Each structure stands twice: as structure tokens, then as C-alpha cells.
Amino acid sequence: MIKQDLTGIILAGGKSERIGKDKRFLRLNGTYLIDYSIQTLSNITSAIIIASGKEQFAYKGFTCIQDITQIEGPIAGLIPALIYMHTPYAIVLPCDMPFVPKALFSFFISLIKEPINIIIPVISGRLQPLVGIYSKLLIEELYPFVKTGESSLSKFITSHSQMVRVVTQDELEQAGFRKDLFLNINTMDDFVCASKMN
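Everything quoted here is computed from the prediction, not taken from an experiment.

Thresholds, definitions, all that
- Residues numbered from 1 in each chain as written.
- Predicted model: local features only at pLDDT ≥ 70, side-chain atom pairs only at ≥ 80, totals over all residues.
- Heavy atoms only, no water.
- Helix = DSSP H or I, 4+ residues; strand = E, 2+ residues; numbered from the N terminus.
- Rg over C-alpha atoms; globule rule 2.2 N^0.38 Å.
- Buried < 20%, exposed > 50% of the residue type's maximum accessible area, 1.4 Å probe, protein only.
- Contact = heavy atoms within 4.5 Å.
- Areas by Shrake-Rupley, 256 points an atom, 1.4 Å probe, with all protein chains shown as cover.
- Core = buried A, V, L, I, M, F, W, Y, C linked by side-chain atoms within 4.5 Å.
- Axes fitted to C-alpha atoms, helices over the stretch in contact; angles between N-to-C directions.
- Left-handed = near helix turned anticlockwise from the far one by under 90°.
- Nonpolar A, V, L, I, M, F, W, Y, C, P; charged D, E, K, R; others polar.
- Salt bridge = Lys/Arg side-chain N within 4 Å of Asp/Glu carboxyl O.

Now for the overall build of the protein. Broken down by element type, the protein carries 7 helices and 10 strands. Expected size for 198 residues packed as a compact globule is a radius of gyration near 16 Å; at 16 Å, the protein falls within 12% of this value. In terms of its C-alpha atoms, the protein occupies a principal-axis envelope of roughly 40 × 40 × 30 Å. Per-residue burial for the protein yields a buried fraction of 50% across its 198 residues. Residue pairs in contact within the protein that sit at least 24 positions apart in sequence constitute 68% of those at least 6 positions apart. Here the protein displays about 9,700 Å² of accessible surface, and carbon together with sulfur accounts for 51% of that area.

Spelled out as C-alpha cells, the structure:
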């Protein structure tokens, strides 16, 4: 898989209710959280789409796609972004996980030995569906799924999708990727913790 096969999708539509501020524009070590995601994806994808939530949003000339209004959660942003993109695969990353390195996605790609639709990690026994590689072909499965009233991306992965490659925590650690790289900044405590990380 080469750069021209990949679009970066930044999930940036969360309500930030627990932290009380727009997480996209929290400055961590002088850099906006959303810019960490842009920096991670810019050299490994041919384009970047920002899934920007229910409201209109513009940022630095990137394509910003609004969520499907009838659906809640990250899946509401993932679906229109997958529809809009022009590559067979997307690298998906939320705007509030600043320490996920681009090397992780290169590692994911190296694990693909046959056609797959999704590749995602498991950390502490839980799927991390907001960090991974997704095929554009998933649109054919995602639409029927959400029409049933479901909106959980994890549930979609475990019960509906075929050709999923789950990367275990052991695999990640053996490849040199620490658990704390997946820190998700949802609260001010998380933010304080992130500010102390290298």
C-alpha cells in the first residue's frame, strides 16, 4: 500500500463536554491538538479530511465534512468522510490522541498480508476503533448497520464487518509501541498527564 492509496481522516467532531473546552484547540506544548493529528497524517496520506461534527467548520484549507445529523458518535463522521474520499483506504485518527505516531500506521500496513477492510489495535483488552485503517468498501456495510439504529463503531466491527485484522497489545509492545501512546484526552486530568509526557 502506498501514500496514494490512503486518505487521512481526522475525527474532530466530539462535544468536548467532559473537558469543558473545544479539544481541537487546546494547546499541548504550544501546539493545537488537531495539529498533532495533521502532522501525523500529512506525510503518509495523499489527502486529509476533517470529520468536523454537526456544525460547519473550516481549518487551514483542509476538506471538512459535517457529521450525519441523525447519528451520534464517531461513526457519524466516519461514514461521510469515507464516501467523500477518493482512495481505497483511510487512516483514521481522532484529534485528541496526540501521541499516536505515524510509524504505528506503517506497522499496521506491514501486517496486511491479504485484503482486509479494517485494521485496529486492542489496548488493555478494549478495541481502539478510532485509530486504524478502514476500507472505502465498508460503506456497503455501514449504511445498513446505522439504519437499524445502531451507532457503536466497536459493535459494528465485532458483529458486522468481515476481514478485520486486530493488532494485539503484545504485538504493539513487541514492535516498540507503548500503551501510553494511546492516551485519549477527554478530561483536564488527561490533559495534565499528556503535558508531562515526552
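In terms of nonpolar packing, the biggest core is built from 43 residues, with Ile10, Ile34, Phe105, Phe108 and Leu172 touching the most fellow members. Mapped by element, the contributors of at least two residues to this core are β1 (6-11), α1 (33-42), β4 (47-51), β6 (89-94), α3 (102-110), β7 (118-123) and α7 (188-195). A per-element tally of this core places α1 first, with 5 residues. In this structure, Phe108 is in contact with Ile119, Pro121, Val131, Gly132, Ile133, Val167 and Leu172, ignoring residues within four places of it in sequence. Ala51, Ile75, Ile79 and Leu153 belong to the second-largest nonpolar core, a separate cluster that totals 27 residues.

Bringing the packing of helix α2 (residues 75-84) against helix α4 (residues 139-147) into the picture now. Remark: α2 packs on α4, axes separated minimally by 11 Å, with the N-to-C direction vectors making an angle of 145°. Handedness of the crossing formed by α2 with α4: left-handed. Only Ile139, Leu142, Tyr143, Phe145 and Val146 of α4 make contact with α2, whose side of the interface consists of Ile75, Ile79, Leu82 and Ile83. Among the residues forming the contact of α2 with α4, the class breakdown is 9 nonpolar, no polar and no charged.

Considering all chains together, one arrives at 7 salt bridges under this definition. A salt bridge links Asp67 to Lys54, with the shortest nitrogen-to-oxygen separation between them at 4.0 Å. Of the two residues, Asp67 sits in the loop between β5 (63-65) and α2 while Lys54 sits in the loop between β4 and β5, which places them 13 residues apart along the sequence. A relative accessible area of 32% means that Lys54 is categorised as partly exposed.

This brings us to the environment of His86. Topologically, His86 is positioned in the loop between α2 and β6. In this structure, the C-alpha to C-alpha distance between His86 and Lys23, residues 63 residues apart in sequence, is 28 Å.

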